[in-house]
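# Observations on the three-dimensional arrangement
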Amino acid sequence: MNVIFPTVYGPVVSWRYGRSLGIDPIGAISTCSFNCVYCQLGEIEHLSGDRQIFVDTADILVELDKFAPWQVDVVTLSGSGEPTLAKNLGEIIQGIKTLTGRLTLVLTNATLLNDAQVRKELSLADKVSVKLDGLWPTQLQKINRPIADVSLEGILTGIKAFQQQFTGELSVQTMVLQPWDQAAEHRYLELLSVIKPREVQLNTPTRPKPLQRELEGRGNHTGNPYGDRPVTQIKCVDGQTLQNLAQKISGTTGIIVRCAPLKVF
Ligand code: SF4
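About the thresholds
- Residues numbered from 1 in each chain as written.
- Predicted model: local features only at pLDDT ≥ 70, side-chain atom pairs only at ≥ 80, totals over all residues.
- Heavy atoms only, no water.
- Phe/Tyr/Trp six-rings, centres within 6.5 Å; stacked < 30°, edge-to-face > 60°.
- Buried < 20%, exposed > 50% of the residue type's maximum accessible area, 1.4 Å probe, protein only.
- Pairing = 2+ DSSP bridges.
- Helix = DSSP H or I, 4+ residues; strand = E, 2+ residues; numbered from the N terminus.
- 1 Å grid on protein atoms, 1.4 Å probe; cavity = no way out; pocket = protein on both sides within 12 Å on 5 of 7 lines; lining within 4 Å.
- Points joined across faces, edges and corners; volume = space filled by probe spheres on them.
- Nonpolar A, V, L, I, M, F, W, Y, C, P; charged D, E, K, R; others polar.
- Arc of directions from axis to C-beta.
- Contact = heavy atoms within 4.5 Å.
- Axes fitted to C-alpha atoms, helices over the stretch in contact; angles between N-to-C directions.

The protein goes by Radical SAM protein in an unreviewed UniProt entry, where it is assigned to Synechocystis salina LEGE 00031.

Structure representation (structure tokens):
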């Protein structure tokens, strides 16, 4: 099979992980079990929770080989949707490690972590960052707009099960869309005490969201990389609000909290 879709991209400079080479195991049609209101890919084209092979592992590795000597801090699987939907996830992670010897990271929305096979494959990564935006079921529906059979309770059960078997670095990534009141702060701390992450990453959607599928959305651009194509601005909080929240979380829990763009508490 000839690869016509660029499944390896970057390196991009990530505020969380340094120089990162991106791997896209999903490919041409954006596919995810979420359709987050702020998603940089545009509206998700294929909403699904079913695993399948989107891009052959061999094709990804052939492309990755061209990026030698891989002068990056990490090789990151995210791309055009939810990477755990790729049925060859484990094979891809293993292949990247063998070929490059670099650290691997998977950014996931955690909706598939109740599947023991997904947990087993994901455990091969060195670092995993799980998304936690909706603190209550209603928020999950509003912010992440998941497929029908996804629930917050199910996501948390899956993360907990994964946490128990994962020996790498587990982080929580949270997009803050509006200032949190005391109840939200309390609830977040409660959820962190269940998940027990090594690190928390707080962000807010300062970039405009493209309305249609954008390949550029996979990268880590500042400003608006979408030219005059249609975008919408999502509600976000100011930098100081985010930093105050980060400081509070770190002070209360002792967990390292990274806060976009570059603050660490
Ligand atoms: S989980 Fe990621 S890829 Fe999926 S819709 Fe949300 S931001 Fe987009």
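Here the narrative resumes.
## With respect to the packing of aromatic side chains
What the rule picks out here adds up to 2 aromatic pairs. Plain terms: the ring middles of phenylalanine 162 and phenylalanine 166 are 4.7 Å apart, the flat faces sit at 20° to each other, and that makes the pair stacked. For the pair phenylalanine 162 and phenylalanine 166, a shared accessibility class is recorded, and that class is buried.

## Let's talk about the sheet that holds strand S8 (residues 169-175)
Taken in spatial order, the 9 strands line up as S1-S2-S5-S6-S7-S8-S9-S12-S13 in an open sheet, and their pairing is mixed. Either end of the sheet is taken by a strand with one partner, and the two such strands are strand S1 (8-14) and strand S13 (263-264). Here strand S6 (residues 104-108) runs beside strand S7 (residues 127-131); their pairing, made up of 4 bridges, is parallel. What sits directly across from leucine 105, in S7, is lysine 127.

## Notes on the layout of surface pockets
Summary: where empty space remains is shown by rolling a probe the size of a single water molecule over the atoms. Its boundaries defined by the atoms lining it, the second largest pocket holds a volume of some 370 Å³. Lining the second largest pocket are 18 residues, with Gln139, Lys142, Ile143, Leu177 and Gln178 sitting closest to its centre. A total of 4 residues in the lining of the second largest pocket trace back to one element, the largest contributor, which is helix H4 (residues 137-144). Of the residues assigned to the lining of the second largest pocket, the class counts are 11 nonpolar, 3 polar and 4 charged.

## Description of H4
Residues of H4 that are buried include every one of Leu140, Ile143 and Asn144, and no others. An end-on view of H4 places all buried positions within 85° of arc, on one side of the element. Those residues of H4 that are exposed and aimed more than 90 degrees away from the buried face are Thr138 and Lys142. As for H4, its buried residues are in contact with S7 and helix H5 (152-165). Remark: arginine 145 follows H4 within two positions and exhibits a positive phi of approximately 45°.

## Thoughts on the packing of H5 against helix H6 (residues 182-195)
Packing of H5 against H6 leaves a shortest axis separation of 9 Å and a crossing angle of 40°. Of the residues in H6, those touching H5 at Leu152, Leu156, Ile159, Lys160 and Gln163 are Arg187, Leu191, Val194 and Ile195. Along the lines of polarity and charge, the residues of the contact of H5 with H6 split into 6 nonpolar, 1 polar and 2 charged.

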